[in-house]
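# Observations on the three-dimensional arrangement
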Amino acid sequence: MNYVGYENICRALFYKKIAITKFGSKNIFNKDVLKINWMLTYRCNYNCSYCYGHDNDTGFFHRKQDILKATEKILDLNRSQFEFGLNGGEPTIAPGYLELLKLIATSTKSCSVVTITNLSRKESFFEKIAEMPNASSLRFHCSYHFEDGDFSRFLNNVKILADAGCYVKIIILAHPLFYYAVKSFTKAAESLSAQIKADCQRCDVVLLPIKEKDCNGFYTLLDQRYTNEYRSWLDEKTGFTKNIDGSEKKFLLMEVSDNNTKSIKSELVYLNQSILEKYSFYKFKGMKCMAGYNSIAIDPKGDLSPAVCFRGKKKFGNIFDSEPEFFPDGLICPYEYCTCSADYVLPKYKIS
Ligand code: SF4
Ligand code: SF4
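The structure reproduced in this document is the subject of the present report. Because the structure is a prediction, the values reported are computed rather than measured. (Residues numbered from 1 in each chain as written. Chains lettered and ligands numbered in written order. Predicted model: local features only at pLDDT ≥ 70, side-chain atom pairs only at ≥ 80, totals over all residues.)

### A word on the sheet that holds strand β15 (residues 331-332)
The strand order across the open sheet formed by six strands is β11-β10-β1-β16-β12-β15, and the pairing between neighbours is antiparallel. If you trace the sheet from one side to the other, it starts and ends with β11 (264-269) and β15, each paired once. (Pairing = 2+ DSSP bridges. Helix = DSSP H or I, 4+ residues; strand = E, 2+ residues; numbered from the N terminus.)

Pasting the structure below:
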């Protein structure tokens, strides 16, 4: 499928000529993988003006021993594979973060872990991670923020992690008021990524424009403060194909059925939010979704839900005082849109 193909599928979906019958990561269908999306805290050591993901007024930290006990509880579950996603706020400032990472990295279970971080801790902090056994299995999605970020420390930390064999994705938040700094940082990050790749280590760079809410409450509109020159530069750097970095593979399986002929066609699609939103490949209401079987989401209080989409809407227990509740047969999707990249990958099936 090429992008012309995406347009056609989008139109056919709109006119109900076809329907999505299956969607999700091709690696998860019919597997007992458990994805754990864990917001360790709402607290953050930065205060970005465009942030909607942190809260230093009410955010708090859990005790280290409680975090580790909860992790052991998860790892004791009878699953063949665990995929942890640690985020916040800023997860690296949460007490017990390093011990948690080590527990996962050295588990005898099949585990992977990605941390979503602003990479602001001191170099000595990341050196401790680099010294962990299995450090090369760790992944970091590191966002650079221009209001509070420290240019040199960030790039040094990238290098420490990449030299230890960790996968590092540098995500540059293109602040609308920092055009020249964004350009210069992007150049430096791209050059570092090229050096790291030349040393056979893994590092990609993604430039992300700042978005505003649309009338449906989703962040799909470009921030109005961008100048025309800045917009053109962003267009040039982040056109759909260019915004797909080296680490991304077409691993979302989309199966569609023709409503007249009933013929089935399958395609592989990039996990790229802009593409999925642009072509409306994110509407699964009424389909069976394996949220609650292939995923759990844990909020900063420890409250559990089947997937990120349910967070704050309904409580399904708390990781610190109850066992996670599972839905072996999945759930029926109640929502108009599936809007979180952690949720896109969950298997979804049309029920007849
Ligand atoms: S670093 Fe991330 S979580 Fe922290 S304030 Fe900035 S956008 Fe929010
Ligand atoms: S919104 Fe939630 S229930 Fe619906 S498809 Fe996405 S993850 Fe599944």
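### So, the site of ligand 2
Around ligand 2, the structure places F284, C289, A291, A307, C309, L331, C333, Y335, C338, D343, L346 and K348. By residue class, the composition of the shell around ligand 2 is ten nonpolar, no polar and two charged. (Near = placed C-beta within 6 Å. Nonpolar A, V, L, I, M, F, W, Y, C, P; charged D, E, K, R; others polar.)

### Let's talk about the nonpolar core
Counting residues in hydrophobic clusters, the biggest one holds 82 residues, and the most contacted among them are I36, V158, L161, V168, I170, I172 and I298. A domain-level breakdown of this core finds at least three residues from each of domain 1 (1-27 + 251-281) and domain 2 (31-245 + 288-342). In contact with V168, not counting residues within four places along its chain, are F140, C142, V158, L161, A162, R202 and C203. (Core = buried A, V, L, I, M, F, W, Y, C linked by C-beta atoms within 7 Å. Buried ≥ 20, exposed ≤ 12 C-beta atoms within 10 Å, placed from the backbone. Domains from an automatic or database assignment. Contact = placed C-beta atoms within 7 Å.)

### Some points on the pairing of strand β5 (residues 138-144)
Only one face of β5 is buried, namely the one carrying L138, F140, C142 and Y144, since none of R139, H141 and S143 on the opposite face is buried. Bridging between strand β4 (residues 111-117) and β5 involves five bridges; their strand directions are parallel. By the bridge assignment for β5, T115 is matched with F140. Of the crossover connections in this fold, the one passing from β4 over helix α4 (residues 123-130) to the parallel β5 is right-handed. As defined by bridge partners, β5 adjoins strand β6 (residues 167-174) across six bridges and the pair is classed as parallel. Each bridged residue has a counterpart across the sheet, and for R139 the counterpart in β6 is Y167. After leaving β5, the chain enters helix α5 (residues 151-163) and then returns to the sheet as β6, a path that is right-handed. (Right-handed = clockwise from strand over helix to strand, strands pointing away.)

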